[in-house]
There are 2 protein chains.
Amino acid sequence: MAYGYWGKILHVHLDSGVMTVEAPEDAFYRAYLGGSAMGCYFLLKHTPRGADPLGPENTLSLMVGVTTGAPFSGQSRVAASAKSPVTGLVGDSQAGGFWPAELKAAGFDGIVIHGASARPVYLWISDGHAELRDAAGLWGSVTGEVEDEIRRELGDARIHVLSCGPAAEKGVVFSSLINLANRANGRTGMGTVMASKNLKAIAVRGHRYPEAASPEAVKALARWGVENLDRVAGLSKLGTAEGLLILNEEGGLPTRNWTSGVFEGAQAISGETMAKTVLKGRDTCYGCAIRCKRVVEIAEGPFRTDPRYGGPEYETLAALGSYCGVSDLAAVCRANALCNMHGMDTISCGATIAWAMDCFERGLLTRAETDGIDLRFGNAEAMVVMVERIAKREGLGRILGEGSARAAEMLNVGQDLVVAVKSHEFPAHMPQHKPSLGLMYSVNPFGADHQSHEHDPFYSTAYADRAAQLGLVDPQPIEAMNTEKLRYVLYTQYFYSATDAACVCQFVFGPSFQLYSPAQLVEAIRAVTGWEYTLWELMKTGERRLNLLRAYNAREGCGAEGDTKPAKLGVPLQGGPTHGVTISTQAWKRQRASYYRLAGWDRRGRPTRGKLQELGLEWVADELDEDCP
Amino acid sequence: MAYGYWGKILHVHLDSGVMTVEAPEDAFYRAYLGGSAMGCYFLLKHTPRGADPLGPENTLSLMVGVTTGAPFSGQSRVAASAKSPVTGLVGDSQAGGFWPAELKAAGFDGIVIHGASARPVYLWISDGHAELRDAAGLWGSVTGEVEDEIRRELGDARIHVLSCGPAAEKGVVFSSLINLANRANGRTGMGTVMASKNLKAIAVRGHRYPEAASPEAVKALARWGVENLDRVAGLSKLGTAEGLLILNEEGGLPTRNWTSGVFEGAQAISGETMAKTVLKGRDTCYGCAIRCKRVVEIAEGPFRTDPRYGGPEYETLAALGSYCGVSDLAAVCRANALCNMHGMDTISCGATIAWAMDCFERGLLTRAETDGIDLRFGNAEAMVVMVERIAKREGLGRILGEGSARAAEMLNVGQDLVVAVKSHEFPAHMPQHKPSLGLMYSVNPFGADHQSHEHDPFYSTAYADRAAQLGLVDPQPIEAMNTEKLRYVLYTQYFYSATDAACVCQFVFGPSFQLYSPAQLVEAIRAVTGWEYTLWELMKTGERRLNLLRAYNAREGCGAEGDTKPAKLGVPLQGGPTHGVTISTQAWKRQRASYYRLAGWDRRGRPTRGKLQELGLEWVADELDEDCP
């Protein structure tokens with residue numbers, strides 16, 4: 001193995017306290033790379049068919065990638081994988097920070113958590129050693145406190161901690177995992193799974209950073225990145241909110257529970273306004289020169305916010321802002337901090353509140369049901385209060401903590417106002433504005449997700465050289481959902497999927513407006529591993545991951561019937577450039593059928609045995625048994 | 001276009017004499033690259049469904065590739081494509097020489113011949129101009145004479161000529177196209193098609209070699225090739241015959257019409273013996289440093305051979321040697337020269353004579369039917385005489401000129417002794433020795449072919465770094481035809497297919513024991529074109545070409561029913577390490593079904609609409625209409 005310091009997966013059996021180390025062969029790392037591909041591998045291997053997501057039979061994996069810890073931008077990421085309590089299918093979520101690189105420096109590429117502990121524990125990993133420690137005193141603590149307490153207890157201020165918050169302990173279905181008090185594995189309820197195992201946190205400390213096969217090539221890549229930082233100047237300056245105003249101008253900013261694509265308060269919650277007002281600094285992840293993370297401080301007023309809990313990303317500004325019609329930036333910052341403290345996904349949280357507001361405005365929910373809260377769109381205070389109630393499972397918050405889809409079911413109202421697929425709320429990019437998202441939100445294995453393919457229709461012209469690296473040579477912008485566009489969706493999906501396997505940041509590693517190109521990701525993997533690696537192998541790994549995830553869902557009995565389209569996309573948008581736009585069910589069904597064909601799946605959207613075999617996943621086909629056509 | 005000198009396809013309409021120039025866009029070249037991918041594109045576009053291969057509605061394409069003419073080893077190749085008179089399906093054949101680079105220097109990437117001329121003509125292309133000239137005086141001339149005569153007539157000794165020989169004029173079904181009097185587009189009867197159009201030759205002369213986007217990168221690649229020539233030392237020294245003795249030792253040298261895998265006369269027809277005896281020199285193709293071509297001279301005796309007609313390749317030594325039990329090297333050299341003079345495929349020619357010998361030995365053909373020739377295995381003189389009779393269509397030669405499969409039908413004997421798929425005789429690598437060939441000979445679109453995937457089972461271990469570039473990371477030799485082996489077959493097939501699209505020499509550009517690796521082919525294409533090219537795009541082009549060819553066959557009504565296995569593979573081999581070996585029909589059927597699945601085809605072996613769409617070939621799916629599942 002050229003890369004001396006990888007090859008160890010830690011298995012933690014919470015029932016017995018036994019820990020074992022698995023040392024997979026080099027070929028395993030080449031086939032899966034890390035991240036969510038490896039996570040889904042372990043999920044398929046260790047979680048039985050039909051497992052309860054919150055039962056001990058579920059398996060939670062935290063995986064980094066082969067390049068994690070190498071000193072260039074965008075490599076310090078961790079993927080969490082488990083059966084999701086949100087979707088009942090495969091769960092998948094990525095986060096950055098320093099924890100991922102620290103785990104690598106501590107000697108592991110990944111952790112698989114089996115079973116459940118009888119009492120609260122946390123896992124302490126230090127330079128190749130691991131132990132379970134009592135977490136009774138940490139139970140109920142918010143994420144920042146957990147971090148402080150563990151550092152104090154172990155006497156090392158440089159320990160990094162990934163934990164679930166009190167929301168997870170209370171069973172909020174969309175609970176996140178938080179590290180550094182503000183980096184979130186936000187989506188699909190991975191925090192909820194961790195809490196269900198009585199595992200509060202994973203603390204790591206390591207001193208041995210892996211040595212790259214070619215340190216010179218790593219340095220060259222890092223140098224190129226620094227020299228070309230102006231490619232991502234907007235991201236550095238404004239964070240992920242850099243595009244908010246443009247989206248709003250184009251009618252692509254989801255507003256008032258997706259009733260409109262334009263928000264009159266967009267300016268107030270924009271990256272520009274944030275930079276001019278509450279921004280106190282920029283933060284980063286291990287080795288990353290971009291510094292896209294926002295640090296905000298609100299010292300006064302009702303929405304006081306501690307800088308350690310971070311500033312809102314674009315998704316958060318939308319979900320807790322425009323989704324709810326809220327234009328009070330301080331309120332959004334406060335709500336964001338509450339989510340990070342209590343460990344909740346800001347997207348699902350904001351979207352669920354927006355759904356409740358929509359119901360309230362329509363008289364489907366009354367003040368009696370909202371515990372007296374005037375849950376109108378635009379009521380910033382009500383939004384913040386509701387975040388807190390969800391976290392604490394108080395009043396209506398108890399039900400909203402189940403997410404919008406299940407809340408609609410439980411309350412038997414507003415089912416047609418839910419904007420989710422597989423019970424997973426839509427992120428803040430609109431199919432009515434970027435048509436391919438209508439398809440992708442439906443077919444993505446872990447529910448609606450905006451980071452699973454390139455959805456900018458102008459990407460192919462603006463970044464023709466990068467599109468071409470993926471074999472997308474058409475020089476025209478492809479807005480129509482024709483076959484060329486479907487190829488574009490599928491190939492960029494393979495690439496995005498590969499970045500989630502390699503476990504690198506999609507804001508750093510292409511394929512569109514980001515810093516490094518797809519070919520440079522290949523260079524990065526070569527430089528670190530010494531493998532004769534190519535984009536062909538990388539893309540095939542992306543395809544492998546996607547098929548693994550779909551195969552997991554197929555094993556759980558879910559194919560096309562789970563690839564739905566919310567009724568709300570059939571309701572014409574109001575105002576702005578996207579006024580009147582709907583997503584036609586007929587066209588969408590046609591696209592979905594074509595997409596399955598292009599992906600090499602059957603009519604029910606399940607990977608075929610042939611496709612799995614082609615990808616070296618015959619074992620998955622055997623696992624699927626009669627579910628595999 | 002970065003590469004100033006490409007982008008022109010010459011269409012020649014022989015009926016009217018009209019010539020037009022098509023200037024495809026850059027995207028077209030990226031999608032098809034050149035060679036047989038572009039050839040099959042034009043075949044599908046311009047040859048109607050159900051065309052008679054020898055009728056004017058057939059279209060003959062001669063295509064070079066984007067890198068042709070750039071000064072590094074292995075780039076001067078031309079692919080001939082047409083509906084094949086041998087198979088009645090897609091025809092496909094490659095050759096080297098100086099003609100391909102000369103065509104590029106004359107301003108064209110390819111020529112599409114439509115219709116048929118009323119009288120014999122030849123095509124003269126010179127620095128962007130093209131004209132049809134009278135060829136009445138050339139009709140009936142052997143290839144070397146045609147070359148001399150055209151050079152004389154046009155007054156330029158540096159003109160390069162590609163022509164069909166007298167065999168083609170007489171309708172020998174496996175007639176080749178010959179350039180430089182010894183370089184052959186040998187297989188699938190492309191010469192027969194050219195002669196059927198009353199087109200005798202294509203003469204080219206150009207003075208403007210294309211300029212590469214990065215001349216420095218081209219130079220670096222060429223330099224690396226020269227510095228690493230020892231990688232292909234065997235090929236330089238012994239030609240393609242370098243492996244003959246090893247194959248014989250392993251029981252993999254087809255002997256006496258595939259009755260045995262060992263030949264007692266192997267030493268006598270080996271590359272080593274050739275080098276020590278008749279070899280007069282080594283020749284090469286434009287820009288190639290390897291010089292693998294043999295020049296032999298036999299000045300005395302019954303088998304006198306003019307050096308200009310070249311020396312035998314491995315395939316020829318086997319087909320005209322061991323297939324026929326002939327160990328007289330001079331006879332094989334003479335027969336090879338006759339094939340090149342008269343323009344015939346040495347493989348089909350030798351294999352057909354071997355089949356006739358097998359029949360003769362079994363008493364299925366008598367001396368009356370052989371015109372008195374004692375057509376026993378090992379009779380060198382009989383073999384040479386029969387080559388000449390086939391070329392001239394005299395006596396039994398008239399029937400043998402139809403190839404072994406049709407001859408067996410016409411004579412109604414020895415059908416079970418025919419070693420061919422799609423009426424296309426087996427080349428000299430044995431499925432009984434290299435198991436994956438049993439599958440590949442069946443499924444290859446233009447009939448049995450040994451250059452369509454990597455068939456050496458030890459390649460994956462000996463060249464792990466190169467195998468890995470194709471995503472084949474398994475470190476074990478894969479001899480068993482399990483799923484891993486099928487992946488290996490499919491992925492190496494995509495790569496070989498890509499080399500036939502790029503139109504580069506497979507003895508120079510990987511993926512196994514050759515000079516350059518797959519990644520270096522990508523570099524070569526980048527250096528010449530300036531494209532942001534990757535191995536992903538290249539492999540997808542390989543897959544695209546393979547699916548194009550299969551789609552053409554599907555359009556002609558042929559799927560799995562054409563992917564057969566000769567009965568003779570079920571007969572145990574006699575003697576040597578492969579004594580007793582057979583290819584089981586049951587196992588082979590299972591492999592074929594799995595292979596279809598892995599390739600993304602339907603149960604009848606036809607590309608699905610989804611696979612074609614994924615590859616950007618929706619137009620082909622539309623063309624196939626109801627034939628496309």
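If you're wondering where the values come from, they're calculated on a predicted model, not measured in any experiment.

Enquirer: Honestly, the overall build of chain A in this entry has me stumped. Any pointers?
Expert: A tally of helices and strands in chain A yields 25 helices and 16 strands. Each of the 629 residues in chain A was classed as buried or not, and the buried ones make up 68%. Excluding contacts between residues fewer than 6 apart, the proportion of contacts in chain A whose partners are at least 24 apart in sequence is 68%. Taking the average place of the 63 positive charges on the side chains of chain A and the average place of its 71 negative ones, the gap between the two points comes to 1 Å.

Enquirer: It is not clear to me how the confidence of the model for chain A should be interpreted in this structure. Could you clarify?
Expert: In the predicted model, chain A carries a mean pLDDT of 95, and 97% of its residues have values of at least 70. The complex model carries a pTM of 0.95, and its ipTM stands at 0.92.

Enquirer: Any chance you could explain the sheet that holds strand 1 (residues 9–13) of chain B here in plain terms?
Expert: Residues and elements named next belong to chain B. One open sheet holds the 6 strands; their spatial order is 2-1-6-3-4-5, and the pairing between them is mixed. Edge positions in the open sheet fall to strand 2 (19–22) and strand 5 (90–95), since each of these has one partner strand only. Going from strand to strand, the sheet's axes swing by 15 degrees on average, the running direction of each strand aside. Across 4 bridges, strand 3 (residues 60–63) lies against strand 6 (residues 110–114) in antiparallel orientation. Bridged to Leu62 within strand 6 is Ile111.

Enquirer: I keep staring at the relation of the copies chain A and chain B and nothing clicks. Help me out?
Expert: Related by rotation about an axis and a shift along that axis, the two copies of the chain form a pair. Aligned on chain B, chain A shows an RMSD of 0.0 Å; the corresponding rotation is 180 degrees and the shift along the axis is 0.0 Å. The operation mapping one copy onto its partner corresponds to a two-fold rotation axis. Rotation axis and chain A: the residue whose C-alpha lies nearest the axis is A:Trp536, separated from it by 2.0 Å.

Enquirer: Looking at this structure, how should I read the packing of helix 22 (residues 535–555) of chain A against helix 22 (residues 535–555) of chain B?
Expert: To characterise two packed helices, one gives the angle between the axes of the helices and the distance between these axes. Running from amino to carboxyl end, helix 22 of chain A crosses helix 22 of chain B at an angle of 75 degrees, the nearest separation of the two axes being 7 Å. If you check the angle between helix 22 of chain A and helix 22 of chain B, you find them roughly perpendicular. Residue-level inspection shows A:Leu535, A:Trp536, A:Met539 and A:Lys540 of helix 22 of chain A in contact with helix 22 of chain B, the latter providing B:Leu535, B:Trp536, B:Met539 and B:Lys540. Its residues placed into classes, the contact of helix 22 of chain A with helix 22 of chain B shows 6 nonpolar, no polar and 2 charged.

Enquirer: Any chance you could explain the interface of chain A and chain B here in plain terms?
Expert: A common way to report how large an interface is uses the accessible area buried once the components associate. Tallying the contact residues gives 34 residues for chain A and 34 residues for chain B. Here chain A packs against chain B, burying approximately 3000 Å² in sum over the two surfaces, 60% of which is carbon and sulfur. The largest contributions to the chain A side of the interface with chain B come from A:Glu532, A:Trp536 and A:Glu614, which together make up 24% of the buried area. Linking chain A with chain B are 0 salt bridges. Where chain A meets chain B, there are 12 residue pairs in polar contact (both at pLDDT 80 or more). Among the elements of the structure, helix 1 (26–32), helix 19 (464–469), helix 20 (483–502), helix 21 (518–529), helix 22, helix 23 (585–599) and helix 24 (609–614) of chain A are those that each provide at least two residues to the side of chain A that touches chain B. Among the residues forming the side of chain A that touches chain B, the class breakdown is 13 nonpolar, 7 polar and 14 charged.

Enquirer: What's the story with the pattern of salt bridges in this structure? I'm lost.
Expert: Think of it this way: side chains of opposite charge can pair up when their charged atoms draw near. All names here are of chain A. What the rule picks out here adds up to 80 salt bridges over all chains. For Arg367, the salt bridge is made with Asp374, and the minimal N-O distance between the two is 3.3 Å. Classification of Asp374 by relative accessible area gives buried; the value is 17%. Between Arg487 and Glu484 there is a salt bridge; the shortest N-O distance is 3.6 Å. Remark: Glu484 and Arg487 occur in helix 20; sequence separation between them is 3 residues, near one turn of the helix. A network of salt bridges, in which partner residues are shared, links Lys83, Arg555, Glu556 and Glu623.

Enquirer: Help me understand the packing of helix 11 (residues 314–321) of chain A against helix 12 (residues 329–342) of chain A in this model?
Expert: All names here are of chain A. Running from N to C, helix 11 and helix 12 point in directions that differ by 110 degrees, and their axes come no closer than 10 Å. Classed by the angle they form, the pair helix 11 and helix 12 counts as roughly perpendicular. Where helix 11 approaches helix 12, its residues Thr316, Leu317, Leu320 and Gly321 are matched on the opposing element by Leu329, Val332, Ala335 and Asn336. Split by residue class, the contact of helix 11 with helix 12 holds 5 nonpolar, 3 polar and no charged.

Enquirer: Whenever I open this one, the domain arrangement of chain A confuses me. Can you help?
Expert: All names here are of chain A. Domain parsing of chain A yields domain 1 (9–205), domain 2 (228–417) and domain 3 (436–627). For domain 2 and domain 3, the distance between their C-alpha centroids amounts to 27 Å. Between domain 2 and domain 3, the contact holds 25 residues from the first and 18 residues from the second. Here domain 2 meets domain 3 over a buried area of about 1500 Å², counting both sides, of which 62% is carbon and sulfur. Of all residues in domain 2, the largest losses of buried area upon contact with domain 3 belong to Arg231, Trp258 and Thr259, amounting jointly to 33% of the total for that side. On inspection of domain 2 and its partner domain 3, the count reaches 1 salt bridge. Viewed at the interface, domain 3 and domain 2 are joined by 8 residue pairs in polar contact (both at pLDDT 80 or more). Partitioning the side of domain 2 that touches domain 3 into residue classes produces 9 nonpolar, 7 polar and 9 charged.

Enquirer: So what exactly am I meant to see when it comes to the sheet that holds strand 10 (residues 177–179) of chain A here?
Expert: Pairing between the strands of a sheet is mediated by backbone hydrogen bonds and can be parallel or antiparallel. Residue and element names in this part refer to chain A. Read from one edge to the other, the open sheet built from 6 strands follows the order 8-7-12-9-10-11, with strand pairing classed as mixed. The open sheet terminates on both sides in strands that have one partner only, identified here as strand 8 (129–134) and strand 11 (183–185). Strand after strand, the sheet turns through a mean of 20 degrees between neighbouring axes, direction not considered. Two strands pair when backbone bridges link them, and strand 7 (residues 121–126) and strand 12 (residues 199–205) are joined in this way by 6 bridges, in the parallel orientation. The residue bridging Trp124 from the neighbouring strand is Ala203, located in strand 12. Running over the sheet, helix 4 (residues 143–154) touches strand 7, strand 8, strand 9 (160–164), strand 10 and strand 12 and is turned about 135 degrees from strand 9.

Enquirer: In this structure, what is going on with helix 20 (residues 483–502) of chain B? I would like to understand it.
Expert: In an α-helix there are 3.6 residues to a turn, and that puts residues three or four apart on one side. All names here are of chain B. Its 20 residues give helix 20 an end-to-end C-alpha distance of 28 Å, which sits within 8% of 28 Å, the value for a rise of 1.5 Å per residue. The element helix 20 is largely enclosed, with a buried count of 19 among its 20 residues. The distance from a side-chain oxygen at the start of helix 20 to the backbone nitrogen of Glu484 is 3.3 Å, and the residue carrying that oxygen is Asn482. At the exit of helix 20 stands Cys503, carrying a positive phi of roughly 65 degrees.

Enquirer: Looking at this model, I keep getting lost on unusual backbone geometry. Mind explaining?
Expert: Trans peptide bonds make up the majority, and among non-glycine residues the majority have a negative phi. Even without a glycine there, the phi angle at A:Cys503 is positive, about 65 degrees. Here A:Cys503 shows up in the loop between helix 20 and helix 21. A residue is classified by how much of its surface remains accessible, and A:Cys503, at 1% relative accessible area, is buried. One non-glycine residue with positive phi stands out, namely B:Arg393, at about 55 degrees. Relative to the elements of secondary structure, B:Arg393 occurs in the loop between helix 14 (380–392) and helix 15 (396–400).

Enquirer: Would you mind showing me how to read the packing of aromatic side chains here?
Expert: Describing an aromatic ring pair means giving the distance of the ring centres and the angle of the ring planes. Evaluation of the coordinates by the stated rule reveals 45 aromatic pairs over all chains. Look at B:Phe509 and B:Tyr516: their rings are 5.0 Å apart centre to centre, the planes differ by 25 degrees, and that puts the pair in the stacked class. Each member of the pair, B:Phe509 as well as B:Tyr516, carries the same accessibility label: buried. In textbook terms, an aromatic cluster arises when at least three aromatic residues are bridged by ring pairs, as seen for A:Phe28, A:Tyr29, A:Tyr32, A:Tyr41, A:Phe42 and A:Trp619. Of note, A:Lys45 hangs over the ring of A:Trp619, and the distance from its end group to the ring centre comes to 4.2 Å.

Enquirer: When you look at the state of the cysteines in this model, what are you seeing that I'm missing?
Expert: Formally, a disulfide is one covalent bond, and it connects the sulfur atom of one cysteine to the sulfur atom of another. Applying the stated criterion across every chain, the model contains 0 disulfides over all chains. Not part of a disulfide, A:Cys164 finds its nearest cysteine sulfur in A:Cys339, a span of 15 Å. A disulfide-free cysteine, B:Cys40 has its sulfur positioned 14 Å from the sulfur of B:Cys558, the nearest such atom.

Enquirer: Hey, could you run me through the environment of B:Cys285 in this one?
Expert: Locating B:Cys285 in the fold gives a position in the loop between strand 13 (279–283) and strand 14 (293–296). Sequence separation between B:Cys285 and B:Gly97 is 188 residues; the distance between their C-alpha atoms is 4.4 Å.

Enquirer: Before we go on, may I ask you to explain the environment of B:Ser73 in this structure?
Expert: Residues and elements named next belong to chain B. On the secondary structure map, Ser73 appears in the loop between strand 3 and strand 4 (78–83). Here the alpha-carbon distance between Ser73 and Ala428, two residues 355 residues apart in the chain, equals 25 Å. Not counting residues within four places of it along the chain, the set of residues in contact with Ser73 comprises Gly287, Cys288, Ala289, Ile290, Val508, Phe509, Leu515 and Tyr516.

Rules of the game
Residues numbered from 1 in each chain as written. Chains lettered and ligands numbered in written order. Predicted model: local features only at pLDDT ≥ 70, side-chain atom pairs only at ≥ 80, totals over all residues. Heavy atoms only, no water. Helix = DSSP H or I, 4+ residues; strand = E, 2+ residues; numbered from the N terminus. Buried < 20%, exposed > 50% of the residue type's maximum accessible area, 1.4 Å probe, protein only. Contact = heavy atoms within 4.5 Å. Lys, Arg positive; Asp, Glu negative; His and termini not counted. Charge placed at Lys NZ, Arg CZ, Asp CG, Glu CD. pLDDT = per-residue confidence, 0-100. Pairing = 2+ DSSP bridges. Axes fitted to C-alpha atoms, helices over the stretch in contact; angles between N-to-C directions. Least-squares fit on C-alpha atoms with pLDDT ≥ 70 in both. Parallel < 35°, antiparallel > 145°, perpendicular 65-115°, else oblique. Nonpolar A, V, L, I, M, F, W, Y, C, P; charged D, E, K, R; others polar. Buried area = accessible area lost by both parts, 1.4 Å probe. Salt bridge = Lys/Arg side-chain N within 4 Å of Asp/Glu carboxyl O. Polar contact = N/O pair within 3.5 Å; in protein donor to acceptor, adjacent residues only side chain to side chain. Domains from an automatic or database assignment. Expected span 1.5 Å × (residues − 1). Phe/Tyr/Trp six-rings, centres within 6.5 Å; stacked < 30°, edge-to-face > 60°. Lys NZ or Arg CZ within 6 Å of the ring centre and 35° of its normal. Disulfide = S-S within 2.5 Å.

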